[in-house]
Amino acid sequence: MSVETKSKAASGKRAVHPNTWVYFDGEFGRYHDIKLGLMTHALHYGTGVFEGIRAYWNPKQEQLHLLQAPAHYDRLRRSANIMRLTLPHSTEELVNLTVEVLRRNQFKSDVYIRPLLFTAGEEIGVRLHNIAQSFLIYAIPFGNYVEIEGGLRCMVSTWRRVPDQSLPARAKVTGAYAQSALAKSEANEAGYDEAIVLTVDGHVSEGSAENLFMIKDGAFVTPPVTDDILEGVTRTLLIGLIKDELGLPVIERSIDRTELYACDELLLCGTGAQVAPVIEVDRRLVGNGKVGEFTQELQNIYFGAVRGESAKHKGWTIPVY
Ligand code: PMP
């Protein structure tokens, strides 16, 4: 391949949303006008922290509902603090900037929003101190990240979750997603939909980009925040719904791998994954191999709330228009 063809292929890949409005280092601009240097530090060292936020379009209301933005920005601040990075705005300012990005784009569909804070100096030398930082927010139309109706077929990954001693999973660090990518590709290439990843000591941690709940004997069980999970915003929302709407207990405790083979229902959750039933793990059916009753009920309540249809959960979202 000639140099010219190669660079055309690369720029073709880049120009997916050329006219989208984005926020970058204090200004709003068009996606295709933002220039990042080849030497951008975080591109090489994975030294960024980020978020994934959703906004849901409600066609009947003609309204876009921004979901849990303050919770995501609070987590971004905690991630930044762990990684010695500094978020340049308050949570309130960040929420307002996000609303502005969405309004400028006039989205009338479900949207995924990606804030990213990263080491941006064009320098060689891995570190977190004494290096310029940049901050951006972009947003794109986005549908389902994983299958949410028929149920997922999962495998327990041969890769282990990054331990807190090496790379804190509770911080949403760009570089840590190399581990998620290894697990996800291994699962997909082996014919599964998603990976479930264990901690180094062999307990169930989470999916490649999702938290996990198991249902056994009428109780929901989920790994504790000390089992190398990202402390999910959706996880917190579901804990509330399970207790308040389903009236069932939630137990936060370590889960053994083989409990996944012996539970009644299993689900993965996250901003991207939403509420995704799991029907098979390592070629063993979960329960009767069909989407579980409690999981289905939880999913229905969740979608009502995120699309701004539940008066009780109005506080979950911010109307964009
Ligand atoms: N774990 C990992 C590794 C993730 O990437 C995500 C997605 N952000 C989650 C869990 C779920 O977190 P949240 O509900 O905040 O999206």
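Residues numbered from 1 in each chain as written. Predicted model: local features only at pLDDT ≥ 70, side-chain atom pairs only at ≥ 80, totals over all residues. Heavy atoms only, no water.

A.B. asks: How would you explain the site of the ligand if you had to name every residue and give the values?
C.D. replies: Among the 17 residues in the neighbourhood of the ligand, the closest are listed as Tyr 177, Glu 206, Val 233, Thr 234 and Thr 271. Lys 172 places a polar side-chain atom, nitrogen or oxygen, 3.0 Å from a nitrogen atom of the ligand. With respect to the ligand, the backbone of Val 233 contributes an N or O atom lying 2.7 Å from an oxygen atom. With the chains in place, 97% of the 380 Å² that the ligand exposes on its own is no longer accessible. Elements represented by at least two residues in the shell around the ligand include exactly helix 3 (69-82), helix 6 (233-244) and strand 14 (265-270). Partitioned by chemical class, the residues of the shell around the ligand number five nonpolar, seven polar and five charged. (Near = heavy atom within 4 Å. Polar contact = N/O pair within 3.5 Å; in protein donor to acceptor, adjacent residues only side chain to side chain. Areas by Shrake-Rupley, 256 points an atom, 1.4 Å probe, with all protein chains shown as cover. Helix = DSSP H or I, 4+ residues; strand = E, 2+ residues; numbered from the N terminus. Nonpolar A, V, L, I, M, F, W, Y, C, P; charged D, E, K, R; others polar.)

A.B. asks: Please provide a residue-by-residue account of the side chain of His 72, values included.
C.D. replies: Mapping His 72 onto the fold places it in helix 3. Excluding residues within four positions of it along the chain, His 72 makes contact with Glu 51, Gly 52, Ile 53, Leu 67, Val 233 and Thr 271. (Contact = heavy atoms within 4.5 Å.)

A.B. asks: Could you give an account of the pairing of strand 15 (residues 274-281), naming the residues involved and the relevant values?
C.D. replies: Along strand 15, eight of the eight residues are buried, which leaves the element largely enclosed by surrounding structure. Pairing analysis gives three bridges linking strand 8 (residues 152-160) to strand 15, with the strands arranged parallel. Opposite Leu 152, over in strand 15, you have Val 278 as the bridge partner. Judged from the five bridges that link them, strand 14 and strand 15 form a sheet pairing that is antiparallel. Counterpart to Leu 267 in the pairing with strand 15 is Pro 277. From the end of strand 14 to the start of strand 15, which pair antiparallel, there are three residues. Across two bridges, strand 15 lies against strand 16 (residues 284-285) in antiparallel orientation. Bridge pairing in strand 16 places Glu 280 opposite Leu 285. Hairpin connection from strand 15 to strand 16: two residues lie between these consecutive antiparallel strands, with Asp 282 at a positive phi of about 50°. (Buried < 20%, exposed > 50% of the residue type's maximum accessible area, 1.4 Å probe, protein only. Pairing = 2+ DSSP bridges.)

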